[in-house]
Amino acid sequence: MPDFQADDNKLTLKVVFYGPALSGKTTNLMQLHSLLNPERKGELMVLETRDDRTLFFDMLPIGLRGNSGLDLRLKLYTVPGQVQHDSTRKAVLSRADGVVFVADSQPSQQDNNATAFGNLEENLEKVGLDIDTLPMVVQFNKRDIPGVVDEQELQHRWASTPWAPLVMASALQGRGVIESFRTLLDRLYTVINEEFTLEQQHGISRHIFIDGLSASHEAEHAKL
Amino acid sequence: MRSFEDDPTLQELLSADQLQRLNRALSGLCKEPVTLSEHKAGDSVPVEFNLERVGWLSGGGSRDEQLAAAELVSFLMMFVAKYRLAANLHHDTTEASYAELQRQNEALKASETRFRELSGKLQQTVDEQVDVIRQTQQELFESARLRSVGQLAAGVAHEINNPIGFISSNLRVARDYVEDLKEIAPDTPANRDLLQDFQELLTESIDGTSRIASIVADLKTFSSIDQADYSLCNVNDLLQSAVHLVQTEYSHSLQIIERLNELPQVSGHPSRLSQTFFNLLDNAAQALRDEAADDASGRILVQSQVQGDTVRIVIQDNGCGIPEASRARIFDAFFTTRPVGSGTGLGLTVARDTVRAHNGNVTIDSHPRTGTRVTLTLPVKGS
């Protein structure tokens, strides 16, 4: 649920990186932190971890200002993937505006993907969100590992879902991370613009929304 | 309620004491004292943390000092906020879990109550069933006893049949001999009286034997010990023997009007039909006895007639009738209004089951204090 504070002209959106344990949600966020160069970018807060596994969540705030003075914030969260942290996942997921589902491409992890996806569906329902209308992107991560499930097979499997086409990524190598994020921003904009008329009221077009929030250092370099 | 993810204010991040201490420490580092507060003052610079302005820093020896101090505060804030976020999240999830636990506890309590009720009901049902079983056992025992008594009676009747036959025929011959004696013996008043008396004795005895013979015949019909299977029965005969048996039972005190029309034979189980007729007549007799006020007016009407493809039998009394409250249950097994031990509660059940087994029908019309009419219809053989 977007949090709009009219007094401060501040709109806060929440995007959650969801997925099975060890699928690379935190890596996605870390890569975004280092790759992105949006108008405004806060600190990446990596909360408590144990053996490199998220215990609470990670959070990266980024932001953008509209020509109306609108303070648009996007808070990117990860959830702990391990099964036992379900109540934390549910708390982080509540009032989410968009979800990036980070799946593991390794054949041995396909069951875990399915379980995590089922858990996402269940928790969305518990916090009053509808998986069919929530802006969401499904990313298959770890493409750099040899022997991963064939992309065509994955695309075919997901072809009839609202989340096709899938985004292939290797978060560790920084590939597909920004692409996933941009795809999500695109879907998120459609929903948010409908409610807050970003373009008309605040001069934030789809183009500004996506590019403003996902501007990367590489792109800057390319321009130069 | 604030959610764990809401941007924290300075107050939430630092207590007043902590803020004072931070101000003291920062002032120690700067040439001039600096002050961190929530409100903008004069030359202050904003302190931002995660895109959110948490406060304003004023004082200091120079702008650079101010900015350096602000940066230091931002850096510190990150750790404070991290802890705060984790703590808030932990608090939120714990509270949610606790609420969930309480909900489950409530649900558990509710289901426990439900189960307790259920178990109570179950106990009650078991008790009721045990009662039914106990009663059924009693009834079974009683009906087995009755059956064996019936069999004994039928056996005895069978055995009596032969001697009563020759006694009866001997008595008739003896009566003829008395006629002969009348001619041979000297005609004196004493002889005449003697022979006259002798003849009367024999005539009474012949009446007696024929009564015995008819009782024996009724018993045989009733128990039909030698007719185990379906056969063609004469319903009127069965009715009559049932009437005789009831009369015997009630010492010939009943006023039973028979209106039996000629009937075709009916395929049926004679002993069961007899039992049914007897049960219905016995009920009627009981109804008259219950109404006892005026014995003379109590009547039972037994009627039989052909009606299309069926034989229709009516047994009607002008006795006490069946109270409204009992009417729905009269066919229930072991339902009886009679005192314990005097009725099995099976009479009408047997009657209904028998009639149904014959593809027939039974209906009961009753009005309290006016009487009861039981109508049986049985299909004629071949129809």
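Below, the structure is looked at part by part. Quick caveat: nothing in here was measured; it's all calculated off a predicted structure. Per chain, residues are indexed from 1 in the order of the written sequence. For this description, chains carry letters from A and ligands carry numbers from 1, given in the order in which they are written. The model is predicted, so local features are restricted to residues of pLDDT at least 70 and side-chain atom pairs to those at 80 or more, both for listing and for counting; the totals for chains, interfaces and linings are taken over all residues.

### Here we look at the overall build of chain A
Short version of the rule: Counting from the N terminus, the helices are the DSSP runs of H or I reaching at least four residues and the strands are the DSSP runs of E reaching at least two. In this scheme the burial state of a residue depends on its C-beta neighbours within 10 Å: 20 or more other such atoms mean buried, 12 or fewer mean exposed, and anything in between means partly exposed; the C-beta positions come from the backbone. Residues are scored as being in contact if the C-beta atoms we place from backbone atoms lie within 7 Å.
Secondary structure summary: chain A contains eight helices and 11 strands in total. Across the 224 residues of chain A, 46% fall into the buried class. Taking contacts inside chain A between residues at least 6 apart in sequence as the whole, the part at least 24 apart equals 71%.

### What about the overall build of chain B?
When helices and strands are counted, chain B shows eight helices and 10 strands. Here chain B holds 383 residues, and the buried ones make up 24% of them. Long-range pairs, those at least 24 residues apart, make up 68% of the contacts in chain B with a sequence separation of at least 6.

### Considerations on the pairing of strand β1 (residues 34-37) of chain B
All names here are of chain B. Rules: Between any two strands, pairing holds if DSSP finds at least two bridges.
What you see with β1 is a clean split: Val34 and Leu36 sit on the buried side and Thr35 and Ser37 on the side with no burial. By the bridge criterion, four bridges tie β1 to strand β3 (residues 52-59) in an arrangement that is antiparallel. When the bridges of β3 are listed, valine 34 appears paired with glycine 59.

### Topic: the pairing of strand β9 (residues 361-367) of chain B
If a strand is regular, its side chains alternate between the two faces of the sheet. All names here are of chain B. Examined bridge by bridge, β9 and strand β10 (residues 371-379) share seven bridges and lie antiparallel to one another. Looking at the pairing, aspartate 365 lines up with arginine 373 of β10. Linking β9 back to β10 in an antiparallel pair, the connection comprises three residues, with arginine 369 at a positive phi of about 65 degrees.

### Describing the sheet that holds strand β2 (residues 45-49) of chain B
All names here are of chain B. Applicable threshold: Note on definitions: angles span 0 to 180 degrees between N-to-C directions of axes, and those axes are lines fitted to C-alpha atoms, for helices only across the stretch in contact.
Taking strand neighbours across the sheet as the criterion, the three strands line up as β1-β3-β2 in an open arrangement whose pairing is antiparallel. The strands lining the two open edges of the sheet, one partner per strand, are β1 and β2. Pairwise comparison of adjacent strand axes, ignoring direction, gives a mean angle of 30 degrees for this sheet.

### Remarks on unusual backbone geometry
Here the residue pair alanine 164 of chain A and proline 165 of chain A is connected by a cis peptide bond, since its omega of -5 degrees sits within 30 degrees of zero. Mapped onto the secondary structure, proline 165 of chain A falls in the loop between α4 (151-158) and β11 (167-168). The backbone phi angle of arginine 369 of chain B is positive, close to 65 degrees, even though this residue is not glycine. Within the fold, arginine 369 of chain B resides in the loop between β9 and β10. When the 10 C-beta atoms within 10 Å are taken as the criterion, arginine 369 of chain B is described as exposed.

### Re the nonpolar core
The tendency in soluble globular proteins is for nonpolar side chains to be buried as a group. Under the convention used in this document: When buried Ala, Val, Leu, Ile, Met, Phe, Trp, Tyr and Cys residues are joined through C-beta atoms within 7 Å, the set is termed a nonpolar core.
Counting residues in each nonpolar core, the largest one holds 59 residues, and the members touching the most others are Val16, Phe17, Leu76, Tyr77, Val100 and Phe101 of chain A. Considering every element that reaches this core, the biggest residue donor is helix α5 (residues 177-196) of chain A, with eight residues. If sequence neighbours within four positions are ignored, tyrosine 77 of chain A has contacts with Lys14, Val16, Phe17, Phe57, Asp58, Met59 and Val92 of chain A. Counting 33 residues, the second largest nonpolar core, distinct from the first, contains Leu245, Leu273, Phe278 and Val355 of chain B.

### Describing the interface of chain B and chain A
For clarity, the threshold we go by: The residue classification treats Ala, Val, Leu, Ile, Met, Phe, Trp, Tyr, Cys and Pro as nonpolar and Asp, Glu, Lys and Arg as charged. All others, Gly included, are polar.
Contact residues are listed per partner, giving 13 residues for chain B and 14 residues for chain A. Counted by class, the side of chain B that touches chain A contains seven nonpolar, three polar and three charged residues.

### Observations concerning the sheet that holds strand β7 (residues 300-307) of chain B
All names here are of chain B. Taking strand neighbours across the sheet as the criterion, the five strands line up as β5-β7-β8-β10-β9 in an open arrangement whose pairing is mixed. Two strands in the sheet have a free side with no partner beyond their single neighbour: β5 (256-260) and β9. Shown here is a sheet whose adjacent strand axes are inclined to one another by a mean of 10 degrees, direction ignored. Two strands pair when backbone bridges link them, and strand β8 (residues 310-317) and β10 are joined in this way by eight bridges, in the antiparallel orientation. Bridged to glutamine 316 within β10 is arginine 373. On the sheet, helix α6 (residues 270-290) packs against β7, β8 and β10 and is oriented at approximately 20 degrees with respect to β8.

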